[in-house]
Structures are given as C-alpha cells and as structure tokens.
Amino acid sequence: MNIYIVYPIAGLVGLIVGSFLNVVISRLPVMVGSEFPAEEDESENTDLNFNLWVPRSRCESCLTPILYRDLIPVLSWVLLKGKCRNCSTRISWRYPTVEILSCLFAILLVGHFEVTVSTLCAAVCFALLIALSTIDVERGLLLDELNYPLLWTGLLTSIWFQTSDVFPSPTEAIIGVVAGYLSFWLINFLFRMVRKKDGLGQGDFKLLAATGAWVGWHLLPVVVLIAIAIGILFGLVRIIQKQYSQDEGIPFGPFLAMGCIVAIVYREELFLLLFRSSSFN
C-alpha cells in the first residue's frame, strides 16, 4: 500500500463525508421533529421540500444560498474566516471540526485496516457515531434514526465477517446488543429509584446496544470504562471553568462513541490485554 497515494485519497473522502455529515447534523433533528426554520413560509414547509438534499445549503442567519465555491470542506471556512460571505454572521466551529474529524478517522482506518471492505464497514460506523455525538452535544438528543442504522449495520457486519477477527461473531454481537441495552436500563432504573429522576436517557441505552453489535459483549465493559474516564475528565474541566450545570448534565453519547471507536480500532490489542490479565489471575 502506497501511503503517499492512499492516505491523501482517504483524507479527501473523509472531508467530503464530513461535509455531508454536517448537513445531516443540521437537518435531521429538524426533519424528525417536524420543525422548520421560522424564517420559512409555513406553506412551503413540507417534507417534500425540506430534507437532506433540498433546499440548497444556505446561511442560517440571512438564508442566502451558499455559493458552491464556499462549500469546499475546511478550506472555504478558512478563506471566509469563519463568517458568512453575505451577512458576516459567524459560522460555527462545528463545521470544520466535523470535517477534520472525518478526515482523520478515514486516514486512521485505512492505516489500520488498509483498503478493505472492513474499512468501509468501520467507516460507516464512525460516520454514524460522529453524527450521533455532535447532535447529542448540540441538542441533547441521540436520535433513533441514527441509533437503529448503527445497530443493524453492526449486526449485518458481524454476519458478513463472522469468520474474521476484525468484528465480533453474530452471537457475540447479538449478546452485545441485549447486554448493552439492559445494563444501562438497569443502571438508570436503580438511579431513578434513589434519585427520583433519570440518570441516563433511552438514547444512551440504544447507543450502547448498537455499540455491542459492533464490538461484541466482551468489550462492552471496556467501552463503558473508557467513556466514564473521558466523561470524568471532561466534567472536571467544565467544573474548573465554572461551566458545569447539574440541571443540564453532560451528554454521554460522545464518550460512548469514543469508547466504541477505540474498541473497534484496537480490538486485537484489547483482547490480548484482557487475556493476559485473566491469565495472571
């Protein structure tokens, strides 16, 4: 594999995917909630003319359609200095961040799995995780419309690669789905009994279930431990910055997503570590 050719191509594809993910992140919650921009005429707000493809990308402030030359991932944002060409309203950092993350993950996957069907399957998983995590950060939602595709693609991938060491077997994946959902459901049930309120949302149950489909039940504890560790660090930083609100809490989806990504990429290394630990015991 010529890394000087493959890596740039993978990065370019990642940037393009990231640009599309930004559309999904912006529009899917609106589509699912049957909500439309207030500036639009209500008579035009139908599912037929508001979806992932139409209308054209436009500034969220002045509603001016964005020129095609301003849709180049990352580069356009830099050249425009993070502002709308028409009204100079600041464009969110989320747009280049998602595109850069998609680019880096694409290069990581190609570097780890090379150019294989496994890479494509893992890339689908990572794309869904990026979209889920970003929406969770922005809106506090883990949408079923992304959780369920993540779960079913994980199960189908386990069937397709059932003789491979890259993904779990179908049995491991199915047990992972059930164990993931029930474990968080039980934790939330006990938390609600003590605190009289939910500690986790149903979206978290479903995301961990979907994660189980991709990593199998063996690595679910590792995913949760990684998520908790990152969540604690993030919470401490927010407390130090005096930006933590107990009422708002902290979205747990992005931390679960990071745990899932680590478990997929370093599956073999984690199994070796767990095997060695159990053999010492």
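In this text the structure is predicted, and so the values were computed from the model without any measurement.

Cut-offs used in this document
- Residues numbered from 1 in each chain as written.
- Predicted model: local features only at pLDDT ≥ 70, side-chain atom pairs only at ≥ 80, totals over all residues.
- Heavy atoms only, no water.
- Helix = DSSP H or I, 4+ residues; strand = E, 2+ residues; numbered from the N terminus.
- Buried < 20%, exposed > 50% of the residue type's maximum accessible area, 1.4 Å probe, protein only.
- Core = buried A, V, L, I, M, F, W, Y, C linked by side-chain atoms within 4.5 Å.
- Contact = heavy atoms within 4.5 Å.
- Axes fitted to C-alpha atoms, helices over the stretch in contact; angles between N-to-C directions.
- Parallel < 35°, antiparallel > 145°, perpendicular 65-115°, else oblique.
- Nonpolar A, V, L, I, M, F, W, Y, C, P; charged D, E, K, R; others polar.
- Expected span 1.5 Å × (residues − 1).
- Polar contact = N/O pair within 3.5 Å; in protein donor to acceptor, adjacent residues only side chain to side chain.
- pLDDT = per-residue confidence, 0-100.
- Salt bridge = Lys/Arg side-chain N within 4 Å of Asp/Glu carboxyl O.
- Phe/Tyr/Trp six-rings, centres within 6.5 Å; stacked < 30°, edge-to-face > 60°.
- Lys NZ or Arg CZ within 6 Å of the ring centre and 35° of its normal.

**Concerning the overall build of the protein**
Part 1: From N to C terminus, the protein includes 10 helices and zero strands.
Part 2: For the protein, the sequential pattern of α-helices and β-strands runs α-α-α-α-α-α-α-α-α-α.
Part 3: For the protein, the spread of C-alpha atoms along the principal axes amounts to about 65 × 55 × 40 Å.
Part 4: Within the span of the protein, comprising 281 residues, buried residues form 40% of the whole.

**Overview of the nonpolar core**
Part 1: By size, the foremost hydrophobic cluster in this structure holds 55 residues, and its most contacted members are Leu-150, Trp-214, Val-215 and Ile-264.
Part 2: Tallying contributions element by element places helix 4 (residues 117–139) first for this core, with 11 residues.
Part 3: Filtering out sequence-adjacent residues up to four positions away, Leu-150 remains in contact with Cys-125, Leu-128, Leu-129, Leu-132, Leu-207, Ala-210 and Trp-214.

**Details of the side chain of Asn-22**
Part 1: Mapped onto the fold, Asn-22 is located in helix 1 (residues 3–32).
Part 2: Excluding anything up to four places from it in sequence, Asn-22 contacts Arg-94, Tyr-95, Val-98 and Glu-99.

**A few points about the packing of helix 5 (residues 144–160) against helix 6 (residues 170–195)**
Part 1: Interaxial distance between helix 5 and helix 6 falls to 8 Å at its minimum, and their mutual angle equals 160 degrees. Compared by their axis directions, helix 5 and helix 6 come out roughly antiparallel. Note on element contacts: helix 6 touches helix 5 through Pro-170, Ala-173, Ile-174 and Val-177, opposite Leu-151, Leu-155, Ser-158 and Ile-159.
Part 2: Looking at side-chain class alone, the contact of helix 5 with helix 6 contains seven nonpolar, one polar and no charged residues.

**Re helix 4**
Part 1: Compared with an ideal rise of 1.5 Å per residue, which puts 23 residues at 33 Å, helix 4 spans 33 Å between its outermost C-alpha atoms and is within 8% of the ideal.
Part 2: Looking at where helix 4 begins, the residue whose side-chain oxygen comes 3.3 Å from the main-chain nitrogen of Ser-118 is Thr-116.
Part 3: Directly beyond the C-terminal end of helix 4, a positive phi value near 70 degrees is found at Gly-140.

**Some details on the confidence of the model for the protein**
Part 1: Looking at the protein, pLDDT values average 88 and 92% of them are 70 or higher.
Part 2: Confidence drops under a pLDDT of 50 for residues 34–47, and excluding neighbours within four residues, the segment shows 14 contacts in the predicted structure.

**Some remarks on the pattern of salt bridges**
Part 1: A full pass over the atoms with the stated rule returns five salt bridges.
Part 2: The partner of Arg-85 in a salt bridge is Asp-70, and the shortest N-O contact between them spans 2.8 Å. With Arg-85 in the loop between helix 2 (75–79) and helix 3 (94–113) and Asp-70 in the loop between helix 1 and helix 2, the pair connects residues that are 15 residues apart, well separated along the chain.
Part 3: Between Asp-144 and Lys-206 there is a salt bridge, with its nearest N and O atoms 2.9 Å apart.

**So, the packing of aromatic side chains**
Part 1: Throughout the structure, instances matching the rule amount to 10 aromatic pairs.
Part 2: Taken together, a centroid distance of 5.5 Å and an interplanar angle of 85 degrees make the contact between Tyr-181 and Phe-205 edge-to-face. Within this pair, whereas Tyr-181 is found in helix 6, its partner Phe-205 is found in helix 7 (residues 202–215), the two being separated by 24 residues in sequence.
Part 3: The exposure class assigned to Tyr-181 is partly exposed, which follows from its relative accessible area of 28%.
Part 4: Taking relative accessible area as the criterion, Phe-205 reaches 3% and is therefore assigned buried.
Part 5: Judged by centre distance (5.4 Å) and plane angle (10 degrees), the ring pair of Trp-185 and Phe-189 falls under stacked. Remark: Phe-189 and Trp-185 occur in helix 6; sequence separation between them is four residues, near one turn of the helix.
Part 6: Note on Phe-189: relative accessible area 32%, which makes it partly exposed.
Part 7: Here the aromatic cluster, defined as three or more aromatic residues joined through ring pairs, consists of Phe-184, Phe-234, Phe-252 and Phe-255.
Part 8: Just above the ring of Tyr-95 sits the side chain of Arg-94; from NZ or CZ to the centre is 4.4 Å.

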